[in-house]
There are 2 protein chains.
Amino acid sequence: METYRDSHNRALTDYPRPSVAVDTAVLTVPPGAALSVLLVRTGDEWRLPGTFLHEGERLADAVLRSLQTKAGVSGLSPRQLHVFDDPARDNRGWVLSVAHLDAVPWSRLSIDADLARVVPVTDVGALPYGHNEILDRAVATLRSSYASAPDPLHLLDGAFTLRQLQDLHEAVAGEPLMRDSFRRAMEPQLRTTGEVAAGTVGKPARLFEF
Amino acid sequence: METYRDSHNRALTDYPRPSVAVDTAVLTVPPGAALSVLLVRTGDEWRLPGTFLHEGERLADAVLRSLQTKAGVSGLSPRQLHVFDDPARDNRGWVLSVAHLDAVPWSRLSIDADLARVVPVTDVGALPYGHNEILDRAVATLRSSYASAPDPLHLLDGAFTLRQLQDLHEAVAGEPLMRDSFRRAMEPQLRTTGEVAAGTVGKPARLFEF
DNA sequence: CAAATAGTGTCTTTTAGACACTATTCG
DNA sequence: CGAATAGTGTCTAAAAGACACTATTTG
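Conventions and cut-offs
Residues numbered from 1 in each chain as written. Chains lettered and ligands numbered in written order. Predicted model: local features only at pLDDT ≥ 70, side-chain atom pairs only at ≥ 80, totals over all residues. Heavy atoms only, no water. Helix = DSSP H or I, 4+ residues; strand = E, 2+ residues; numbered from the N terminus. Buried < 20%, exposed > 50% of the residue type's maximum accessible area, 1.4 Å probe, protein only. Near = heavy atom within 4 Å. Polar contact = N/O pair within 3.5 Å; in protein donor to acceptor, adjacent residues only side chain to side chain. Nonpolar A, V, L, I, M, F, W, Y, C, P; charged D, E, K, R; others polar. Least-squares fit on C-alpha atoms with pLDDT ≥ 70 in both. Contact = heavy atoms within 4.5 Å.

Asker: For unusual backbone geometry, give the residues involved together with the corresponding values.
Answerer: All names here are of chain A. One non-glycine residue, aspartate 151, lies in the positive phi region at around 40 degrees. Structurally, aspartate 151 can be placed in the loop between helix H2 (131-146) and helix H3 (162-173). Even without glycine at this site, histidine 154 takes up a positive phi of about 60 degrees. Within the secondary structure, histidine 154 is located in the loop between H2 and H3. A residue is classified by how much of its surface remains accessible, and histidine 154, at 42% relative accessible area, is partly exposed.

Asker: Lay out the protein's contact with DNA strand D with the relevant residues and their values.
Answerer: Contacts to DNA strand D come from 19 residues, most closely from Met178, Asp180, Ser181 and Arg184 of chain A together with Arg206 of chain B. Between a phosphate oxygen of DNA strand D and a main-chain N or O atom of arginine 206 of chain B, the distance comes to 2.8 Å. Counting residues per element, the ones that place at least two in the surface near DNA strand D are helix H4 (179-186) of chain A together with helix H4 (179-186) of chain B. Looking at the surface near DNA strand D, its residues break down into 6 nonpolar, 4 polar and 9 charged.

Asker: Can you break down the relation of the copies chain B and chain A residue by residue, with the values?
Answerer: Between the two copies of the chain lies a relationship made up of a rotation around an axis and a movement along it. Expressed as a screw operation, the relation of chain B to chain A combines 0.0 Å of axial shift with a rotation of 180 degrees, fitting to an RMSD of 0.0 Å. Taken together, these values place the two copies in the relation of a two-fold axis. Minimal C-alpha separation from the rotation axis in chain B is found for arginine 17 of chain B, amounting to 3.1 Å. When you check the interface residues of chain B against chain A, 100% turn up at the interface there too, and the contact is symmetric in its surfaces.

Asker: I'd like to hear about the side chain of histidine 169 of chain A, residue by residue, with values.
Answerer: Residues and elements named next belong to chain A. For histidine 169, the position within the fold is in helix H3. With relative accessibility at 2%, the residue histidine 169 sits in the buried group. Of the polar contacts made by the side chain of histidine 169, one reaches the backbone oxygen of tyrosine 146; its length is 3.1 Å. Look past the residues within four positions of histidine 169 in its chain and what remains in contact with it is Tyr146, Ala149, Pro150, Asp151, Leu177, Phe182 and Met186.

Below you can see the structure in the form of structure tokens.
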């Protein structure tokens with residue numbers, strides 16, 4: 001491709017450009033636990049995983065690369081949240097950060113406890129680089145997605161019972177949900193597998209899938 | 001500030017960086033007309049107004065600068081929609097575009113017909129640079145904001161009657177709304193000025209403000 | 001069988017939609 | 001006064017919440 005020249009005969013690369021980073025709030029629900037977020041260590045500091053955008057790379061691919069490296073997880077579908085653009089935000093220079101949200105089933109996370117940990121979102125303290133705001137937006141976005149659709153970001157892996165789905169939605173919402181309303185809202189959006197769950201006390205529950 | 005060096009003794013500016021642009025869907029409702037968008041001319045091509053981000057500039061300030069120049073309008077509150085990052089999107093080089101939405105009262109737009117025009121969103125044809133997708137997102141975002149709150153982006157300028165508010169919301173929604181439900185939803189969120197509108201046929205309507 | 005959980009039926013309360021009626025202005 | 005628009009009251013239909021009852025499993 002021939003280099004573009006503007007009306008001053010300058011290429012785009014003759015003008016100052018910012019570095020662009022991606023930072024991602026990876027949310028998950030450990031078994032029996034509350035909605036949690038993945039933090040990684042750099043030095044003695046815990047932060048959301050992130051990386052700089054490489055040349056010609058898509059933002060989503062940069063997110064996947066950072067998560068593959070730092071949490072051994074792949075095949076996610078990152079969603080953009082917001083661009084943080086305060087020129088003084090990063091002391092390394094002029095850096096735009098594109099915040100992302102991703103959700104991953106607990107079973108697919110493989111983390112090295114020295115480099116990463118998963119913390120309930122209510123227990124996360126102060127994070128550097130304004131990462132608390134990213135986390136807040138991620139949680140709000142996740143909650144609003146889960147308000148009307150069954151597990152839209154696929155935090156459940158295979159087939160599941162209505163009870164498991166409701167437990168998940170309650171963990172995401174951070175509060176108990178009503179059984180009747182939940183059933184009425186979700187059941188029409190699900191397909192039964194024909195199978196039932198076994199090995200539990202009580203009447204076996206039907207299994208569903210998407 | 002001392003220049004930051006990474007573990008390879010390189011500054012951030014030693015790595016390739018993209019140019020960053022902002023593009024904005026400016027939405028307005030002309031009197032008695034449908035929801036419309038501001039388009040500007042470059043050469044013989046009509047597109048959404050946009051500009052490149054200057055060094056150290058905030059994204060919102062770049063948006064305001066481009067709108068001041070191209071539509072003579074100031075004092076808006078741009079909202080980020082999405083970052084478009086396809087490396088092949090712009091033939092001038094590697095350009096990230098941060099799409100924005102802004103709403104402006106018709107009365108505050110002063111446009112030069114040779115350089116800009118306002119077109120109903122249903123009549124906009126194919127735009128370059130993937131700007132149709134920005135417009136679609138802008139309209140969807142505006143509609144969802146207007147679903148539950150009275151004129152949240154302040155398309156109305158001063159005091160207004162409930163009928164004027166409903167006309168506005170119908171223009172935004174692109175469909176008629178029910179009088180009873182609209183009233184029940186909006187009236188509790190408004191404050192009356194104590195004044196009534198004059199000069200119209202029929203019982204004078206109360207004026208409201210935010 | 002008792003305890004536990006799944007699934008269904010039905011009543012009540014709340015909300016949304018429909019519509020009639022009154023109030024106040026202009027021409 | 002008649003036409004037009006604003007504002008209120010009330011009936012009905014739909015949705016949400018509450019709760020009781022039946023069904024089927026484990027121990």
